Amino acid sequence: MCGIVGYVAPQPPSARTQEVLLDGLGRLEYRGYDSAGIALVTPNGLQVRKEAGKLENLRAMLQADPTDGATAGIGHTRWATHGGPSASNAHPHRAGRIAVVHNGIIENFRSLRAEVENAGRTLLSDTDTEVAAHILDMDYSKRLEDALAADPNVDPARVLVESMRVVTKRLDGAFALLAVTADAPSTIVAARRSSPLVIGLGEGENFLGSDVAAFVSFTTKAAEVGDDEIVLLRPESIEVTNASGEQVEPKTWEVSWDASAAVKGGFDTFMEKEIHDQPAAVADTLLGRVDERGELTLDEMRIDPSVLRSVDKIIVVACGTASYAGHVAKYAIEHWCRIPVEIELAHEFRYRDPIVSEKTLTVAISQSGETMDTIQAIRHAREQGSKVLAIVNTYGSTIAREADAVLYTHAGPEVAVASTKAFLAQITACYLLGLYLAQLRGNKWADEVADYLDNLGAMPARISELLETQEEAIFELGRQYADQESFLFLGRHVGYPVALEGALKLKELAYVHAEGFAAGELKHGPIALVEEGLPVFVIVPTPRRPMLHDKVISNIQEIRARGARTICIAEEGDTAVEPFADSIIRVPATPTLMMPLLTVVPLQIFACALAKAKGLDVDQPRNLAKSVTVE
Ligand code: F6R
């Protein structure tokens with residue numbers, strides 16, 4: 001998840017172009033901040049400046065090495081996905097006559113890279129974007145030469161549009177691509193597929209952005225860009241065409257948010273925005289995982305496959321929410337790979353002399369990649385001879401660097417302290433790891449792995465459906481329970497870690513007593529807590545698994561008989577639960593192992609709703625830090 005901005009200005013070239021780009025990048029920094037850069041179309045040709053680190057580093061560079069006035073420009077703030085955070089991997093990428101910024105992942109970049117190298121071009125970065133820039137420039141340079149030979153007055157902007165149309169048809173994956181060339185000074189050519197891109201309509205100037213935050217301080221009139229549409233942006237005009245070259249009339253709307261609300265996508269809080277980012281976080285984490293032979297791949301693999309084949313135990317080390325993603329991983333990996341999986345809180349792990357050997361695979365899960373407890377745990381595991389595989393969200397973080405293999409979650413930066421989208425991305429990555437190991441060790445056939453991946457591919461739409469249909473009712477529940485001081489959460493099988501996460505979210509956001517239990521554990525003690533009126537959330541398994549479902553229904557009856565008010569998270573069409581539920585939150589039908597990607601979402605929303613109803617700071621709860629870098 002990166003931020004992109006584009007601006008086309010009236011003549012003459014001016015410093016405003018750079019100012020508009022930097023303003024937009026500042027508002028998009030919540031989308032990524034490991035490097036930033038701009039490319040300007042000046043009378044002296046294309047000028048590119050880019051720097052690793054936050055936007056302030058780019059600003060300092062521009063002070064030391066100023067640019068000329070420009071008539072068009074593109075800018076980018078990055079959250080690394082391909083290639084680490086460095087100046088050379090920062091965007092824009094220059095290739096021949098053009099410069100490009102990109103948000104998304106190009107899945108077939110390996111074969112395209114070979115094509116670029118075979119054409120004798122040298123790549124200066126590890127990114128998929130630079131490969132796309134060269135493919136675009138190779139087509140454009142040739143097409144322009146031919147067009148100029150036929151008509152010396154040809155408009156290079158239209159040639160670039162044609163190249164963009166032809167080249168984007170060859171790209172697999174997701175992209176929002178912006179390209180500029182000095183051949184067409186007041187022009188940006190853009191395209192998108194499955195990555196966000198909007199147009200900002202100004203007076204004698206126009207804008208592009210990954211969201212309206214990029215330009216909302218200059219114009220509030222916005223226009224949509226559809227999938228596989230190509231935009232020709234000029235100061236006085238906008239032309240949008242589809243994949244066949246037919247004109248499209250873009251839908252326009254008036255942005256009603258001010259600049260600060262726009263950064264949160266119009267939501268009140270970052271947490272709400274990030275809850276709504278979850279379909280994209282899951283989809284992006286799944287992108288680019290299958291190679292040209294149809295096999296699953298990890299991002300950085302420095303473990304020999306023979307070592308992974310001989311693994312006889314997996315230990316997951318993590319803290320808090322990340323450890324609950326590990327709990328979900330246990331159910332999936334043990335089922336698919338028949339390898340025992342243990343979950344260890346990272347801070348407990350190394351102090352209790354755990355049994356770790358060369359045959360143990362340690363899996364570290366961390367959003368920040370900087371949690372000191374988890375870092376110490378992986379160091380301890382490596383000292384015992386274990387290989388470490390990290391599931392992290394932050395490229396180049398300490399855990400990613402110290403691990404032997406890395407699987408990145410592509411959730412983008414998480415601003416709210418309470419983890420939401422990173423959790424869903426972690427669970428998704430755990431499924432990918434399980435399927436990767438099952439493929440490698442021969443536990444599952446390729447077609448079985450493909451079936452699971454298809455099911456995972458359907459999850460973003462199901463999460464969106466759940467948000468659309470249930471969010472309002474859950475906010476109403478939050479208001480109803482605003483005065484309640486104690487809550488319980490019950491789940492069985494994969495519903496158990498979801499119950500733990502639901503209780504954690506409520507504690508950290510609403511400062512109330514909340515406990516999660518395995519539903520079967522209730523009668524062994526915790527049922528004594530149940531009294532008249534106590535709200536209990538129950539994660540109900542699908543009725544298609546009667547063994548699990550019926551037991552949870554019995555648990556609900558037990559607590560109901562003792563006065564509990566039950567709030568059931570149940571699959572659509574599960575009527576058996578109705579007589580025992582005070583409230584029901586419905587989730588779309590899904591295979592059992594993948595249910596946590598849905599069932600946790602209402603619990604996140606409820607915690608947020610209750611905290612808001614109590615007037616609390618949802619994004620920065622008291623006493624908590626986003627990244628815990630001390631033991
Ligand atoms: C809870 C939460 C924390 C983190 C934990 C690990 O909402 O965010 O429990 O999950 O501190 O942090 P990372 O994933 O950065 O290692």
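Residues numbered from 1 in each chain as written. Predicted model: local features only at pLDDT ≥ 70, side-chain atom pairs only at ≥ 80, totals over all residues. Heavy atoms only, no water.

A.B. asks: So what's going on with the packing of aromatic side chains? Which residues, and what values?
C.D. replies: Taken as a whole and judged by the stated rule, the model has 13 aromatic pairs. Both rings, one in Tyr 481 and one in Phe 606, keep their centres 6.3 Å apart while their planes meet at 70°; by these two values the pair is edge-to-face. Of this pair, Tyr 481 sits in the loop between α16 (459-480) and β22 (486-491) while Phe 606 sits in helix α19 (residues 596-613), placing them 125 residues apart in sequence. Classification of Tyr 481 by relative accessible area gives buried; the value is 4%. Looking at Phe 606, the relative accessible area reads 1%, which means it is buried. Here the aromatic residues Tyr 481, Phe 487, Phe 489, Phe 537 and Phe 606 are joined through ring pairs into a cluster of three or more. (Phe/Tyr/Trp six-rings, centres within 6.5 Å; stacked < 30°, edge-to-face > 60°. Helix = DSSP H or I, 4+ residues; strand = E, 2+ residues; numbered from the N terminus. Buried < 20%, exposed > 50% of the residue type's maximum accessible area, 1.4 Å probe, protein only.)

A.B. asks: Describe in detail the pairing of strand β19 (residues 360-366), supporting the description with residues and values.
C.D. replies: With 7 of 7 residues buried, β19 lies mostly within the body of the structure. With burial as the criterion, each face of β19 is covered, one bearing Thr 360, Thr 362, Ala 364 and Ser 366 and the other bearing Leu 361, Val 363 and Ile 365. Where strand β17 (residues 313-318) lies against β19, 5 bridges are found, and the strand directions are parallel. Bridge pairing links Ile 314 to Leu 361 in β19. Note that β19 and strand β20 (residues 387-392) share 6 bridges and pair parallel. Bridge pairing links Val 363 to Leu 389 in β20. For the segment spanning β19, helix α12 (residues 372-383) and β20, crossover handedness is right-handed. (Pairing = 2+ DSSP bridges. Right-handed = clockwise from strand over helix to strand, strands pointing away.)

A.B. asks: An account of the side chain of Thr 590 is requested, with residue identities and associated values reported.
C.D. replies: Relative to the helices and strands, Thr 590 resides in the loop between β26 (583-587) and α19. Thr 590 sits in the buried class, given a relative accessible area of 2%. Polar side-chain contacts of Thr 590 include one of 3.5 Å to the side chain of Arg 462. Reaching out from Thr 590, the side chain makes a polar contact with the backbone oxygen of Pro 588 at a distance of 3.4 Å. (Polar contact = N/O pair within 3.5 Å; in protein donor to acceptor, adjacent residues only side chain to side chain.)

A.B. asks: How would you explain the sheet that holds strand β15 (residues 252-254) if you had to name every residue and give the values?
C.D. replies: Pairing in this open sheet of 8 strands is antiparallel, and the strands run β3-β2-β4-β1-β10-β9-β11-β15 from one edge to the other. Looking at strand neighbours, the two that pair on one side only are β3 (45-52) and β15, the edges of this open sheet. When the angles between neighbouring strand axes are averaged without regard to direction, this sheet yields 20°. Pairing geometry for strand β2 (residues 35-42) and strand β4 (residues 72-78), over 7 bridges, is antiparallel. The residue of β4 that forms the bridge with Ser 35 is Arg 78. Seen against the sheet, helix α1 (residues 16-28) touches β1 (3-8), β2, β4 and β10 (206-209) and runs at an angle of roughly 155° to β1. On the sheet, helix α2 (residues 55-64) packs against β2 and β3 and is oriented at approximately 135° with respect to β3. (Axes fitted to C-alpha atoms, helices over the stretch in contact; angles between N-to-C directions. Contact = heavy atoms within 4.5 Å.)

A.B. asks: Quick one: what's the story with the sheet that holds β26, residue by residue and with numbers?
C.D. replies: The strand order β23-β22-β24-β25-β26 describes an open sheet built from 5 strands, whose pairing is parallel. What marks the edges here is a single partner per strand, and that holds for β23 (513-518) and β26. On average, each strand axis in the sheet is tilted by 20° relative to the strand beside it, whichever way the strands run.

A.B. asks: Got a sec to walk through unusual backbone geometry? Specific residues and values, please.
C.D. replies: Of note, the amide linkage connecting Gln 11 to Pro 12 takes the cis form, showing an omega dihedral of -5°. Position of Pro 12 among the secondary structure elements: in the loop between β1 and α1. Residue Pro 92 is bonded to the preceding His 91 through a cis peptide linkage, with omega at 0°. Within the fold, Pro 92 resides in the loop between β4 and β5 (93-95). Unusually for a residue other than glycine, Ser 194 sits at a positive phi of about 60°. Along the chain, the position of Ser 194 falls in the loop between β8 (188-193) and β9 (198-201).

A.B. asks: Give me the site of the ligand: which residues, what numbers.
C.D. replies: By nearness alone, 13 residues border the ligand, and Ser 366, Gln 367, Ser 368, Thr 371 and Glu 508 come closest of all. At 3.1 Å from an oxygen atom of the ligand is found a main-chain nitrogen or oxygen belonging to Thr 321. One of the side-chain nitrogen or oxygen atoms of Lys 505 is found 2.9 Å away from an oxygen atom of the ligand. Coverage of the ligand by the protein chains reaches 88% of its 410 Å² of free accessible surface. Elements that contribute at least two residues to the shell around the ligand include exactly α10 (320-337) and α17 (495-510). (Near = heavy atom within 4 Å. Areas by Shrake-Rupley, 256 points an atom, 1.4 Å probe, with all protein chains shown as cover.)

A.B. asks: Please set out α12 residue by residue, giving values where relevant.
C.D. replies: Given a rise of 1.5 Å per residue, 12 residues ought to cover 16 Å, and the 17 Å separating the end C-alpha atoms of α12 matches this to within 8%. In this structure, the buried side of α12 is in contact with β17, α11 (346-349), β19, β20 and α13 (398-402). Gly 385 lies just past α12 and shows a positive phi near 95°. (Expected span 1.5 Å × (residues − 1).)

A.B. asks: Just give me the short version of the domain arrangement of the protein chain, but keep the residues and values in it.
C.D. replies: Domain annotation for the protein chain reports domain 1 (3-255), domain 2 (264-457) and domain 3 (467-631). Centre-to-centre separation of domain 2 and domain 3, based on C-alpha positions: 25 Å. With 44 residues of domain 2 at the contact, the number on the domain 3 side is 36 residues. Area buried by domain 2 at its contact with domain 3 is led by Tyr 324, Tyr 331 and Val 417, which between them contribute 21% of it. Connecting domain 2 to domain 3 are 2 salt bridges. A salt bridge links Lys 612 to Asp 268, with the shortest nitrogen-to-oxygen separation between them at 2.8 Å. Elements represented by at least two residues in the side of domain 2 that touches domain 3 include exactly α7 (270-276), α8 (278-286), α10, α12, α14 (421-440) and α15 (446-457). Here the side of domain 2 that touches domain 3 takes 9 residues from α10, the largest share from any one element. Within the side of domain 2 that touches domain 3, the residues separate by chemical class into 22 nonpolar, 15 polar and 7 charged. (Domains from an automatic or database assignment. Buried area = accessible area lost by both parts, 1.4 Å probe. Salt bridge = Lys/Arg side-chain N within 4 Å of Asp/Glu carboxyl O. Nonpolar A, V, L, I, M, F, W, Y, C, P; charged D, E, K, R; others polar.)

A.B. asks: Describe the environment of Arg 192, and please don't skip the residues or the numbers.
C.D. replies: Counting through the fold element by element, Arg 192 comes out in strand β8. According to the relative accessible area criterion, Arg 192 is buried, its value standing at 15%. Counting along the chain gives 14 residues from Arg 192 to Leu 178, while the straight-line C-alpha distance between them is 8.9 Å. Apart from the residues within four sequence positions on either side, Arg 192 is in contact with Phe 175, Ala 176, Leu 197, Val 225, Gly 226, Asp 227, Asp 228 and Glu 229. Looking at Arg 192, its side chain comes within polar contact range of the main-chain oxygen of Val 225, at 2.7 Å.

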